[in-house]
Amino acid sequence: MKKEYLTISPRQTKKLGVLAAKEVLRSHPGKKAFVLGLEGDLGGGKTTFLQGFAKGLGVKSRILSPTFIIIRRMNHLYHLDCYRLQGPKDLLGLGFKKIIADPKNIVVVEWADRVKKIMPQDAAWVTFKFINRNKRRIVIRLKDGK
Ligand code: ADP
Ligand code: MG
């Protein structure tokens, strides 16, 4: 499934995140973790979307940006920020394989294009494009059946 949106405020982008989370909750758990890759422009709304996503999952912690922390865990929601990583090897060194093997986990990978090689085949993806000050194009791709 592929859906395209144009949001005109951070609030709308957060709302998209809330709705995406509710969809994930409907389809999860599967046999492995649910993995969601976020990619696209700096300031494109990845962290903003994730704030909504966490809210939709019922996670209370605040999602921060920019972060100097690579992995942040809030119950079974993992926020991995790959902005400062050199590549996939760095993430493997932090136990990525184990994290995505646990069906209870929901794993959101920010700047996932930097570690594309090790993202699971059936990962969902959201791409963010900066159009102007308040406008963002957001494309959500969920694997069929999810
Ligand atoms: P990223 O994590 O992709 O670098 P952030 O979510 O941290 O992006 O930052 C997006 C910035 O753009 C925030 O300051 C937010 O308030 C602003 N913004 C303005 N319009 C939008 C919109 N439509 N969607 C998301 N963020 C927006
Ligand atoms: Mg960010």
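The residue numbering used here restarts from 1 in each chain and proceeds along that chain's sequence as written. Chains carry letters from A onward and ligands carry numbers from 1 onward, assigned in written order. The model is predicted, so local features are restricted to residues of pLDDT at least 70 and side-chain atom pairs to those at 80 or more, both for listing and for counting; the totals for chains, interfaces and linings are taken over all residues. As a rule here, side-chain values come from all non-hydrogen atoms in the structure, and water together with hydrogens is ignored.

1. Considering the site of ligand 1
Turning to step 1, where the next piece is worked out: When at least one non-hydrogen atom of a residue lies within 4 Å of a molecule or strand, that residue is treated as near it. Taken together, 18 residues sit near ligand 1, with Thr-13, Gly-43, Lys-46, Thr-48 and Arg-136 positioned nearest.
Turning to step 2, where the next piece is worked out: Between N or O atoms, a polar contact is any pair within 3.5 Å; within protein, one atom must be a potential hydrogen donor and the other a potential acceptor, and residues adjacent in sequence are included only when both atoms are from side chains. In this structure, Thr-47 approaches ligand 1 through a side-chain N or O atom, which is 2.9 Å from an oxygen atom.
Turning to step 3, where the next piece is worked out: Between Glu-110 and ligand 1, the recorded distance is 3.1 Å, taken from a side-chain N or O atom to an oxygen atom.
Turning to step 4, where the next piece is worked out: In this description a helix means any DSSP run of H or I spanning at least four residues, a strand means any run of E spanning at least two, and both kinds are numbered starting from the N terminus. Listed by contribution, the elements that provide at least two residues to the shell around ligand 1 are helix H1 (10-27) and helix H2 (46-57).
Turning to step 5, where the next piece is worked out: When residues of the shell around ligand 1 are assigned to their parent elements, the largest contribution, three residues, is made by H2.
Turning to step 6, where the next piece is worked out: Looking at side-chain class alone, the shell around ligand 1 contains three nonpolar, ten polar and five charged residues. Each residue is assigned to one of three groups, with Ala, Val, Leu, Ile, Met, Phe, Trp, Tyr, Cys and Pro labelled nonpolar, Asp, Glu, Lys and Arg labelled charged, and all others, Gly among them, labelled polar.

2. Some points on the packing of aromatic side chains
Turning to step 1, where the next piece is worked out: Paired rings are identified among Phe, Tyr and Trp, the last through its six-membered ring, by centres lying within 6.5 Å, and are further divided according to the angle between planes into stacked (under 30 degrees), edge-to-face (over 60) and tilted (the rest). Considering all chains together, one arrives at three aromatic pairs under this definition.
Turning to step 2, where the next piece is worked out: Relative to Phe-128, the ring of Phe-49 lies with its centre 5.6 Å away and its plane at 75 degrees, an arrangement referred to as edge-to-face. Of this pair, Phe-49 sits in helix H2 while Phe-128 sits in strand S6 (residues 124-132), and the two are 79 residues apart along the sequence. Considered together, Phe-49 and Phe-128 belong to a single accessibility category, that of buried residues.
Turning to step 3, where the next piece is worked out: Considering the side-chain rings of Tyr-83 and Trp-111, the 4.9 Å spacing of their centres and the 45 degrees angle between planes classify their relative orientation as tilted. You can see Tyr-83 sitting in the loop between strand S4 (77-81) and helix H3 (88-92) and its partner Trp-111 sitting in the loop between strand S5 (106-110) and S6, a full 28 residues away along the chain.
Turning to step 4, where the next piece is worked out: Among the aromatic residues, those joined into a cluster by ring pairs are Phe-49, Phe-53 and Phe-128.
Turning to step 5, where the next piece is worked out: For Lys-46, the ring lying beneath its charged end belongs to Trp-111, and the centroid distance is 3.9 Å. Accessible area is worked out with a 1.4 Å probe on protein chains only. A residue is then buried under 20% of its type maximum, exposed over 50%, and partly exposed in between. We call a charge positioned above a ring when the Lys NZ or Arg CZ atom is no farther than 6 Å from the ring centre and deviates by at most 35 degrees from the ring normal.

3. Some words on the coordination of the magnesium ion (ligand 2)
Turning to step 1, where the next piece is worked out: Coordination sphere of the magnesium ion (ligand 2), protein contribution only: Thr-47 (OG1) and Glu-110 (OE), at 2.0 to 2.2 Å. Separated by 63 residues along the polypeptide, Thr-47 in helix H2 and Glu-110 in strand S5 bring together distant segments of the chain. Each member of the pair, Thr-47 as well as Glu-110, carries the same accessibility label: buried. Coordination shells were defined by N, O and S atoms within 2.8 Å of each metal, extended to 3.2 Å for Na, K and Ca; water is absent from the atom set, which can make sites look incomplete.

4. A short note on the sheet that holds S4
Turning to step 1, where the next piece is worked out: Here a strand pair is declared whenever DSSP counts at least two bridges between the two strands. Spatially, S1-S7-S6-S2-S5-S4-S3 is the arrangement adopted by the seven strands of the open sheet, whose pairing is mixed. Whereas interior strands pair on both sides, the edge strands pair on one side only; in this sheet they are strand S1 (2-7) and strand S3 (71-74). Strand after strand, the sheet turns through a mean of 15 degrees between neighbouring axes, direction not considered.
Turning to step 2, where the next piece is worked out: Across five bridges, strand S2 (residues 34-40) lies against S5 in parallel orientation. Residue pairing in the sheet places Leu-36 in a bridge with Val-108 of S5.
Turning to step 3, where the next piece is worked out: Helix-sheet contacts for H1 involve S1, S2, S5, S6 and strand S7 (135-141), and the interaxial angle to S1 is about 155 degrees. Fitted lines through C-alpha atoms serve as axes, helices being fitted only where they are in contact, and the angles separating the N-to-C directions of these axes extend from 0 to 180 degrees. Residues count as neighbours in contact if any of their non-hydrogen atoms are within 4.5 Å of one another.

5. Focus: the environment of Gly-17
Turning to step 1, where the next piece is worked out: Inspection of the secondary structure puts Gly-17 in helix H1.
Turning to step 2, where the next piece is worked out: Of the residues examined, Gly-17 reaches a relative accessible area of 0% and is grouped as buried.
Turning to step 3, where the next piece is worked out: Along the sequence, Gly-17 and Ile-100 sit 83 residues apart, while their C-alpha atoms lie 20 Å from each other.
Turning to step 4, where the next piece is worked out: For Gly-17, the contacting residues outside a window of four places in its chain are Phe-49, Gly-52 and Phe-53.

6. Quick word on the confidence of the model for the protein
Low pLDDT means the predicted coordinates in that region are not meant to be read closely.
Turning to step 1, where the next piece is worked out: Looking at the protein, pLDDT values average 92 and 95% of them are 70 or higher.
Turning to step 2, where the next piece is worked out: Per-residue confidence from the prediction method is given by pLDDT, with values spanning 0 to 100. Put simply, S3 is where the protein has its lowest mean pLDDT, 88, and S6 is where it has its highest, 98.

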